[in-house]
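Listed here are the chains, written in short residue letters.
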Amino acid sequence: MGKQAQMGFFRRNGLSLVLLLLFLAFLAGQVLTGFRASNEERAEQGLAAETMTAYLGSGHFISATFENWESEFLQMGMYVLLTVGLRQRGSAESRPLDPADEDDDIEAGPTPWPVKAGGIWRCLYANSLALAYLMLFLLAFAGHAYGSWLHENEQRGAEGEQLLSLAQHLGGAQFWFESMQNWQSEFLAVLSIVVLSIFLRQDKSPESKPLAAPHSQTGT
């Protein structure tokens, strides 16, 4: 039995499991607080309170959820691509400045089949991470667009105003304001880890350089 197989399930998958639990916990918190906030808004507009089922299909919930997912997938996808060719001296998040300093550490084990197949399969596999984030971003973008449009029309309907088509909504400022305020914050967060990891350390973290490493050392 291999060394990894001897480790417990949580030991082998703890990071993913904890992140999944945090995601579900905060999603539940979003649902509960969003449900309450939405019904408070409806009460102010003189509308009847909606059920939890109705809320989960409302523009208020759909727009807020996919708006955040959209920005996260954009951030991660762009970060994956930008770190291929760009460098930041001293950052733990950058590849070394000199290609000679790079060392691909490949452990013993089966080679993924697309690599062995070669051709188009190898090409797709070589870019599969960025492609996956692109697809996730596009799906989240579509969900945000639909939810935002639905939410605006819900508000316009409550106020007796004319409803908008999806094209009209996408041509307005509200949808892009929602997107841009999230996009800029995501790239600010990425910038912060790129720059702060030059000078600051977190012992034992793979996102940090060793404590004794000089500030000029690039990469982990």
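Everything that follows concerns the structure shown earlier in this document.
A short tour of the structure in this document, coming up. If you're wondering where the values come from, they're calculated on a predicted model, not measured in any experiment. Numbers given to residues run from 1 along each chain, matching the order in which its sequence is written. Where local features are concerned, this predicted model is filtered to residues with pLDDT of at least 70; where side-chain atom pairs are given and counted, the filter is 80 or more; whole-chain, interface and lining totals use all residues. Note that water and hydrogens are dropped before the side-chain values are worked out from all heavy atoms of the structure.

## Some words on the overall build of the protein chain
Here a strand is any run of E in DSSP of at least two residues, a helix any run of H or I of at least four, and the numbering for each starts at the N terminus. Helix and strand counts for the protein chain stand at 9 helices and 0 strands. Relative to the globule expectation of 17 Å for 220 residues, the C-alpha radius of gyration of the protein chain, 23 Å, shows a markedly less compact shape. The dimensions of the protein chain, computed from C-alpha atoms along their principal axes, are 65 × 45 × 40 Å. Exposure is judged per residue with a 1.4 Å probe applied to protein chains only, and the accessible area is read against the type maximum: over 50% gives exposed, under 20% gives buried, and values in between give partly exposed. A buried classification covers 26% of the 220 residues belonging to the protein chain. Should any heavy atoms of two residues lie within 4.5 Å, those residues are considered in contact. Partitioning the contacts of the protein chain with sequence separation of at least 6, the portion at a separation of at least 24 is 58%. Using a 1.4 Å probe, accessible areas were evaluated by the Shrake-Rupley method; residue-level cover was limited to the displayed protein chains. Summed over its atoms, the accessible surface of the protein chain is roughly 14900 Å², and 65% of this surface lies on carbon and sulfur atoms. Counting rule applied: Lys, Arg positive; Asp, Glu negative; His and chain ends not counted. Taken as the charge location is NZ of Lys, CZ of Arg, CG of Asp or CD of Glu. Side-chain charges in the protein chain split into 14 positive and 23 negative, and the spacing between the mean points of these groups amounts to 12 Å. A radius of gyration in this sense is built from C-alpha atoms; the matching globule rule multiplies 2.2 Å by the number of residues raised to 0.38.

## A few points about a nonpolar patch on the surface
There is a patch of nonpolar side chains on the surface, built from Trp113, Ile120, Trp121, Leu124, Leu131, Leu134, Met135 and Leu138 and spanning about 830 Å² of accessible area. When residues of the nonpolar patch are traced back to their parent elements, those giving at least two are helix H6 (119–126) and helix H7 (128–158). A total of 4 residues in the nonpolar patch trace back to one element, the largest contributor, which is H7. The residue Leu124 is located in helix H6 in this model. For patch detection, residues must exceed 30% relative accessible area and be free of salt bridges, and they are connected within 9 Å for like charges or within 5 Å for nonpolar side chains (Val, Leu, Ile, Met, Phe, Trp, Tyr). Salt bridge criterion: a side-chain nitrogen from Lys or Arg within 4 Å of a carboxyl oxygen from Asp or Glu.

## Digging into the packing of helix H2 (residues 9–44) against helix H4 (residues 59–85)
An axis is simply a line fitted to the C-alpha atoms; with a helix, the fit covers only the stretch in contact. Between two such axes, the angle follows the N-to-C directions and lies from 0 to 180 degrees. It is at 10 Å that the axes of H2 and H4 come closest, and there the two elements cross at 140°. With respect to each other, H2 and H4 are oriented oblique. In this structure, H2 meets H4 at a crossing whose hand is right-handed. Contacts between H2 and H4 involve Phe23, Gln30, Val31, Gly34, Ser38 and Glu41 on the former and, on the latter, His60, Phe61, Ala64, Thr65 and Trp69. To sort the angles, those under 35 degrees are grouped as roughly parallel, those over 145 as roughly antiparallel, those from 65 to 115 as roughly perpendicular, and the leftovers as oblique. Crossing handedness follows the turn of the near helix against the far one: under a right angle anticlockwise gives a left-handed crossing, and clockwise gives a right-handed one.

## A word on the environment of Ser71
By the secondary structure assignment, Ser71 is in helix H4. Ser71 gets classed as buried once you look at its relative accessible area, which sits at 1%. For the pair Ser71 and Leu200, spaced 129 residues apart in sequence, the C-alpha separation works out to 26 Å. A distance of 2.8 Å separates a polar side-chain atom of Ser71 from the backbone oxygen of Asn68. Polar contact is defined as a pair of N or O atoms within 3.5 Å, subject to the rule that within protein one atom must be able to donate a hydrogen and the other to accept it, and that residues adjacent in sequence are counted only when both atoms are side-chain atoms.

## Observations concerning the side chain of Ser179
For Ser179, the location among the structural elements is in helix H9 (residues 173–199). Excluding its chain neighbours within four sequence positions, the residues that come into contact with Ser179 are Glu70 and His144.

## Considering the packing of H7 against H9
Their axes nearest at 10 Å, the elements H7 and H9 cross at an angle of 135°. Taken together, H7 and H9 sit at an angle that is classed as oblique. Considering only the axes of H7 and H9, their crossing is right-handed. Facing H7, whose interface residues are Phe137, Phe141, His144, Ala145 and Ser148, H9 presents Phe175, Trp176, Glu178, Ser179 and Trp183. Under the scheme applied, nonpolar residues are Ala, Val, Leu, Ile, Met, Phe, Trp, Tyr, Cys and Pro; charged residues are Asp, Glu, Lys and Arg; polar residues are all the others, including Gly. Broken down by class, the residue content of the contact of H7 with H9 amounts to 6 nonpolar, 3 polar and 1 charged.

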